[in-house]
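Each chain is listed here by its residues.
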Amino acid sequence: MRGHLLKPLLSLMFVGSLLTMLIWYTLDNNNVEPNPQQTKTEPQSSASCKDCREDIKKALELYSQTWKKQEDSYQNFRSLLNRKCKCFDKAIITQKNTPLGSKLVYDGERKRTLQVNQEIFNTFPKGYPFSNKTLHTCAVVGNGGILANSSCGKMIDSAEFVIRCNLPPLSNGYEKHVGIKTHLVTANPSILMEKYAALMARRRPFVENLRSYGDSMLLLPAFSYGRNTPVSLRVFYTLEDFESPIQSIFFNPAYLRNLAFFWRSQGLKAVRLSTGIIVTSLALEICENVHLYGFWPFGVHPYSSQDLTNHYYDDRKTKIKFHAMPDEFNLLLNLHSQGVLKMHLGDCEPDEKRFHRSD
C-alpha cells in the first residue's frame with residue numbers, strides 16, 4: 001500500500017520541481033537585460049570636406065614625388081632644433097636638470113610657478129631616460145583615421161623605437177593596422193580625468209589598460225597647467241603602488257616653451273602645439289630616421305576618397321581653437337619633401353619591406 005502511494009507522490013514532486021524550475025527560468029530571463037548593440041562611429045560626410053579638396057590635391061602633388069632621405073637637410077634641421085630646444089638635455093625633467101629647490105615655470109600658465117620640494121623631486125628620474133646613442137629608426141604613430149584598415153602594423157613594429165600619442169587602443173583588431181610595439185606613449189591629463197576619474201577612485205582599471213604598452217615610458221605634461229600636476233603625480237604613485245613595469249616621466253615645461261617658439265619661427269601659428277608635432281620634434285633629435293604614420297588632418301582618404309573618422313578608433317573632434325592641425329601637417333609634409341623625415345600616407349602593402357639601413 002505504501003509503495004502504491006509513494007509512486008504518485010514522487011511523480012507529483014517531480015512535476016512540481018519542473019514547474020518551479022520553469023517559473024524561475026521565465027522570471028530570470030525576464031530580468032536579463034539585452035546586450036547593448038555595438039554602435040559604430042560614423043565618419044563625417046565628405047561634404048564637410050568640400051573646402052579641403054584643393055588642399056588634398058596640393059598635398060598629394062608634394063607627397064607623390066620620389067622620396068629619398070637627404071642627409072644634409074636632416075642634419076641641418078636637427079642641428080637647428082637642437083640649438084633651440086636641446087631635447088637630449090631638456091625635454092624630460094630629471095633630477096640632474098631640475099635640482100631640488102628649482103622653480104618650474106608652467107609653459108601653459110606663465111604666471112604659475114612651482115618650487116620643487118623633496119616629494120616632487122623624488123618623482124623625477126635620476127638621469128635622462130633615453131639612450132645617449134642616437135637611435136636608428138623611430139616610428140611616430142599619430143591617431144588619424146587614415147590608419148584604419150591600413151595594414152601598417154608590421155611596418156610600425158619593425159622600427160627600433162615606437163612612439164604613440166594619448167593612450168590609443170592597440171587591441172581588438174587594431175593590431176594589424178597600428179602595431180603593438182611601444183617604447184614611449186603620451187597621456188593627456190584630460191584623458192585621465194574623463195576615463196579614470198583623475199585616479200581619485202578605483203585605479204586598477206587604469207593600470208590594467210596600460211598593459212598593452214608593455215614596459216614603455218608614459219610621458220605626461222605635468223607642469224603645463226596647474227590642473228595637470230596632481231593627476232600626473234597620482235599616475236606616478238599609482239604605477240609605483242601597483243608595481244607596474246611602466247615608468248612615468250614628465251615633459252620639461254622649459255622644453256615645451258622653447259619648442260613652441262621654434263615652430264612659431266617656422267611659421268606655425270597655434271595656441272598650443274599638438275602632441276603629434278611635439279613627439280615628432282623629439283624623435284628628430286634622438287633618431288636618425290623618423291617615420292610618421294597616422295598624420296592626416298582631413299576627413300577624406302587621400303586615395304580612395306572615402307570618409308574618415310577623426311581618429312582610427314573614434315570620431316571625437318580636435319579642439320580647433322587650440323591646435324592648427326592642417327598647418328602642422330603642411331610643415332611636416334614639407335620636411336618629408338626635403339628628405340628630413342618620411343611620412344606614410346595610404347595603406348601599407350602586406351609584403352612591403354621593413355626598414356632598411358638605406359631608409
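Parameters and conventions
- Residues numbered from 1 in each chain as written.
- Predicted model: local features only at pLDDT ≥ 70, side-chain atom pairs only at ≥ 80, totals over all residues.
- Heavy atoms only, no water.
- Disulfide = S-S within 2.5 Å.
- Helix = DSSP H or I, 4+ residues; strand = E, 2+ residues; numbered from the N terminus.
- Buried < 20%, exposed > 50% of the residue type's maximum accessible area, 1.4 Å probe, protein only.

Re the state of the cysteines
Counting across every chain of the model gives 2 disulfides. Between Cys138 and Cys287 runs a disulfide, and the two sulfur atoms are separated by 1.7 Å. Handedness of the Cys138-Cys287 disulfide follows from its S-S torsion of about -55°: it is left-handed. With Cys138 in strand β3 (residues 135-141) and Cys287 in strand β8 (residues 287-293), this residue pair connects regions lying 149 residues apart in the sequence. No difference in accessibility class separates Cys138 from Cys287, as the two residues are buried. Sulfur-sulfur distance for the disulfide between Cys152 and Cys348 comes to 2.0 Å. Taking the sign of the torsion about the S-S bond as the criterion, the disulfide between Cys152 and Cys348, at about 85°, is right-handed. Of the two residues, Cys152 sits in the loop between β3 and α6 (153-157) while Cys348 sits in the segment after β9 (342-344), which places them 196 residues apart along the sequence. In this model Cys85 remains outside any disulfide bridge; the closest cysteine sulfur is found in Cys87, 8.6 Å from its own. On the accessibility criterion, Cys85 (1% relative accessible area) is buried.

Quick look at unusual backbone geometry
What you tend to see is this: most non-glycine residues have negative phi, and most peptide bonds are trans. Here the phi dihedral of Ala198 falls at roughly 60°; this positive angle occurs in a residue that is not glycine. Locating Ala198 in the fold gives a position in the loop between α8 (189-196) and α9 (204-209). When its relative accessible area of 13% is taken as the criterion, Ala198 is described as buried. Located in the positive-phi region is Ser305, a residue other than glycine, with phi close to 65°. Tracing the chain through its elements places Ser305 in the loop between β8 and α13 (325-337).

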